[in-house]
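Examining the three-dimensional arrangement
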Amino acid sequence: QAATTHERVACDSCNIVPIQGVRYKCAVCHNYDLCGACEERGVHSEHQFLKIRKPQQAPANIVC
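This one's a predicted model, so the numbers in the text were calculated from it and none came from an experiment.

1. Here's the deal with the side chain of Asp 33
By secondary structure assignment, the location of Asp 33 is in strand S4 (residues 33-34). A distance of 2.8 Å separates polar atoms of two side chains, one belonging to Asp 33 and the other to Arg 23. Setting aside residues no more than four positions away along its own chain, Asp 33 makes contact with Val 9, Ala 10, Cys 11, Asp 12, Ile 19, Arg 23, Tyr 24 and Lys 25.

This is the structure in C-alpha cells:
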C-alpha cells in the first residue's frame, strides 16, 4: 500500500516536506504538525494531536 502524502505540509520538528503517512496536527498550537517518527519520539507531547490519515480529513481550522 502506498503511503499517503500530505502535500505542502512540513514536520515542525525534523522539517521533512511533505509529510508521508500519518500527519499529526497539534490541537492547541496554530499550525504545528509532526510526522509519524517525531510523534512517536514524543516531540511536543505536552499537547494533544489530531491524527490525520488522509489529507481531506484535515480540519480547516480548530476552535478552542
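2. Quick notes on the packing of aromatic side chains
Centre-to-centre distance and the angle between the planes together describe a pair of aromatic rings. In total, this model carries one aromatic pair according to the counting rule given. Ring geometry for Tyr 32 and Phe 49: centres 6.4 Å apart, planes at 55°, overall tilted. Note that Tyr 32 is positioned in the loop between strand S3 (23-26) and S4 and Phe 49 in strand S5 (residues 49-52), a separation of 17 residues in sequence. For Tyr 32, a relative accessible area of 17% translates into the label buried.

3. A word on the sheet that holds S3
Ordered by their spatial adjacency, three strands build an open sheet running S4-S3-S5, and the pairing between neighbours is antiparallel. For this open sheet the edge positions go to S4 and S5, each flanked by a neighbour on one side alone. Pairing analysis gives four bridges linking S3 to S5, with the strands arranged antiparallel. Counted as the bridge partner of Arg 23 is Ile 52 from S5.

4. Section: the pattern of salt bridges
All chains considered together, the criterion is met by one salt bridge. With a shortest N-O distance of 2.8 Å, Arg 23 and Asp 33 are connected by a salt bridge. Of this pair, Arg 23 sits in strand S3 while Asp 33 sits in strand S4; the two residues are ten residues apart in sequence, bridging distant segments of the chain.

5. Points about the state of the cysteines
Counted by the stated rule, this structure contains zero disulfides. A disulfide-free cysteine, Cys 26 has its sulfur positioned 3.8 Å from the sulfur of Cys 29, the nearest such atom.

6. Comments concerning the pairing of S3
Every second residue of S3 is oriented toward a common face, with Arg 23 and Lys 25 on one face and Tyr 24 and Cys 26 on the other, all of them buried. The pairing of S3 with S4 spans two bridges and is antiparallel. The residue of S4 that forms the bridge with Lys 25 is Asp 33. Taken together, S3 and the strand that follows it, S4, pair antiparallel across an intervening segment of six residues, in which Asn 31 is found at a positive phi of about 60°.

Conventions we followed
- Residues numbered from 1 in each chain as written.
- Predicted model: local features only at pLDDT ≥ 70, side-chain atom pairs only at ≥ 80, totals over all residues.
- Heavy atoms only, no water.
- Helix = DSSP H or I, 4+ residues; strand = E, 2+ residues; numbered from the N terminus.
- Polar contact = N/O pair within 3.5 Å; in protein donor to acceptor, adjacent residues only side chain to side chain.
- Contact = heavy atoms within 4.5 Å.
- Phe/Tyr/Trp six-rings, centres within 6.5 Å; stacked < 30°, edge-to-face > 60°.
- Buried < 20%, exposed > 50% of the residue type's maximum accessible area, 1.4 Å probe, protein only.
- Pairing = 2+ DSSP bridges.
- Salt bridge = Lys/Arg side-chain N within 4 Å of Asp/Glu carboxyl O.
- Disulfide = S-S within 2.5 Å.

Any functional reading would require information that these geometric values do not contain.
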